[in-house]
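As a plain string of letters, each chain reads:
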Number of protein chains: 2
Amino acid sequence: MFELVGFDADDTLWRSQDYFDDAQARFEAIVGHYVDLADAQLHDRTLATERRNIRLFGYGVKGMVLSMIETAVAITDARISASDIHRLVVLGKEILQHPVELVPGIRAAVEAVAEHHPLVLITKGDLFHQEAKVRASGLSELFHRIEIVSEKDPPTYARVLNECGVAASAFVMVGNSLRSDIAPVLTLGGYGVHVPYHLTWALEAEADLGEDVTRMCTVSEPVNIAAAIRGFVR
Amino acid sequence: MFELVGFDADDTLWRSQDYFDDAQARFEAIVGHYVDLADAQLHDRTLATERRNIRLFGYGVKGMVLSMIETAVAITDARISASDIHRLVVLGKEILQHPVELVPGIRAAVEAVAEHHPLVLITKGDLFHQEAKVRASGLSELFHRIEIVSEKDPPTYARVLNECGVAASAFVMVGNSLRSDIAPVLTLGGYGVHVPYHLTWALEAEADLGEDVTRMCTVSEPVNIAAAIRGFVR
């Protein structure tokens, strides 16, 4: 029996990437008034700015908006109007206020796992926004502990497991991101249940699973999570 | 004997408000090219925008920059140039990269308290930036536990004390902000050592200490913190 089961939040418990992709489309529409989007390689340049800024901004909506503003100013040779820049700020505020929409079937899936294991929610990103979403989700009482972290890498998982007094070999992580939810836990000797989401941010798509794929499995629907956890041979 | 001593971080362990005040002065210089600052009541309007946005952005540099951009666009009737808006983003990036400068005497003061009590660092703001500052400070090994929280109110302190298994009456908090470090701990029945900093953000200056002032004291220098803690009669 596993002693602890971890759940990711964004795009595992509730919709998230949809809002970011929608923001990116609206960003492109705004900048498209100034430049030819294909010529400007807007998508690649936005991603490059985000990648460069993440070591300063971390993950989350506010950093995304600041990176969008920086990209828009550069790509338009500073021709973009103040009103259009303000629309980017408003776009960020709208994401921060969007209602939390649970992934279909996830409440029952989490409850099924909670019957047999203590649960920890491990999510990365902006502390303030993540706390607001946890509160709005109505799921927080199912979790023994909630960890909002700045990066989901092996040292972070090791710290959380250490604080919980659980060995990695007795831990399984459930999430949509191979890079953030599965690979680092496999590295530590733990287990992973991958539940792909229909959208993936480009910076989350890069994962090296190494040789440990026997300790992970992929399920297509939340309803199959509990059975996947039972199915691991430890 | 107190079972746990908490320390605030910004403006208690290291300089912080100086950078924000400097950013505000540079912000005013930029906007001053477009409007008469006194007529525009820039300072009051910036503060009003920050106060309105804090429920969405939380505390920290990224939210400050977004509020500055919003204020600048409004106050200039969208006449501010994209280049000048980009200077506000750069200004934020500079704060996020500033070196951590310890308050003079604070390392020795923390070490003196650590000889007799386990310590917890309790700081609010942006998770990513606070973690970076804790790492850069060289003080993290003195703390048993580090808590980065989104708001320093009585429920937050109650949660931290509960997780540490310590009663409020066995806890003393050391910090520069009456509103965030002292008042909420007094409310819970704990103790406070107020170490004023030479600068205070307007939104931190509002505090209601109630009737509990017998459980707090004010010291002018870090060197006096340990003695202040010893001096409380429980």
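Just above, that's the structure.
All values reported here derive from a predicted model rather than from experimental measurement.

Using the criterion set out here, one finds 34 salt bridges over all chains in the structure. The salt bridge partner of Glu-101 of chain A is Arg-15 of chain A, with a shortest N-O separation of 3.1 Å. Taken together, the residues span a long stretch of sequence, with Glu-101 of chain A in the loop between α5 (82–97) and α6 (106–114) and Arg-15 of chain A in the loop between β1 (4–7) and α1 (17–31) at a distance of 86 residues. The partly exposed category is assigned to Glu-101 of chain A, whose relative accessible area is 32%. Here Asp-181 of chain B ties to Lys-152 of chain B by a salt bridge, and the two come within 2.8 Å at their closest N and O atoms. Placement of Asp-181 of chain B in helix α9 (residues 178–188) and of Lys-152 of chain B in the loop between β3 (145–149) and α8 (154–164) is noted, with a sequence separation of 29 residues between them. Like Lys-152 of chain B, Asp-181 of chain B is buried. Counted as one network, the salt bridges with shared partners bring together Arg-145, Glu-147, Arg-159 and Glu-163 of chain A.

Along helix α7 (residues 127–137) of chain B, the residues that are buried comprise Leu-127, Phe-128, His-129, Gln-130, Lys-133, Val-134 and Ser-137 of chain B. Gly-138 of chain B, located one to two residues past α7 of chain B, shows a positive phi value of around 75°.

This brings us to the side chain of Thr-71 of chain A. Residues and elements named next belong to chain A. Mapped onto the elements, Thr-71 comes out in helix α4 (residues 61–75). Judged by its relative accessible area of 3%, Thr-71 is buried. Contact partners of Thr-71, with chain neighbours within four places excluded, come to Phe-27, Leu-42, Arg-45, Thr-46 and Thr-49.

Let us now look at the relation of the copies chain B and chain A. Expressed as a screw transformation, the operator carrying chain B onto chain A has a rotation angle of 180° and an axial translation of 0.0 Å, and the superposed copies differ by an RMSD of 0.0 Å. Accordingly, the operation relating the two chain copies is best matched by a two-fold axis. Looking at chain B, 100% of its interface residues are interface residues in chain A too, so the copies touch through the same face.

Another point: the interface of chain B and chain A. With 31 residues of chain B at the interface, the matching set in chain A holds 31 residues. Three residues, Leu-56, Lys-62 and Phe-128 of chain B, lead the burial of chain B against chain A; their summed loss comes to 22% of the area buried on that side. Remark: the boundary between chain B and chain A carries 2 salt bridges. Here Lys-93 of chain A ties to Glu-70 of chain B by a salt bridge, and the two come within 2.9 Å at their closest N and O atoms.

Turning next to unusual backbone geometry. All names here are of chain B. Phi is positive for Asp-11, which is not a glycine, with a value near 70°. With a relative accessible area of 7%, Asp-11 lands in the buried category. Positioned with a positive phi, Ala-78 is a non-glycine residue whose angle comes to about 65°. When you line up the elements, Ala-78 lands in the loop between α4 (61–75) and α5 (82–97).

Moving on, we get to the pairing of β3 of chain B. All names here are of chain B. Bridge analysis of strand β2 (residues 119–124) against β3 gives 5 bridges, and the strand direction is parallel. Its bridge partner being in β3, Lys-124 is matched across the sheet by Val-149. Taken together, β2, α7 and β3 form a β-α-β motif whose crossover is right-handed.

The rules behind each value
Residues numbered from 1 in each chain as written. Chains lettered and ligands numbered in written order. Predicted model: local features only at pLDDT ≥ 70, side-chain atom pairs only at ≥ 80, totals over all residues. Heavy atoms only, no water. Salt bridge = Lys/Arg side-chain N within 4 Å of Asp/Glu carboxyl O. Helix = DSSP H or I, 4+ residues; strand = E, 2+ residues; numbered from the N terminus. Buried < 20%, exposed > 50% of the residue type's maximum accessible area, 1.4 Å probe, protein only. Contact = heavy atoms within 4.5 Å. Least-squares fit on C-alpha atoms with pLDDT ≥ 70 in both. Buried area = accessible area lost by both parts, 1.4 Å probe. Pairing = 2+ DSSP bridges. Right-handed = clockwise from strand over helix to strand, strands pointing away.

Read these as geometric descriptors, not functional statements.
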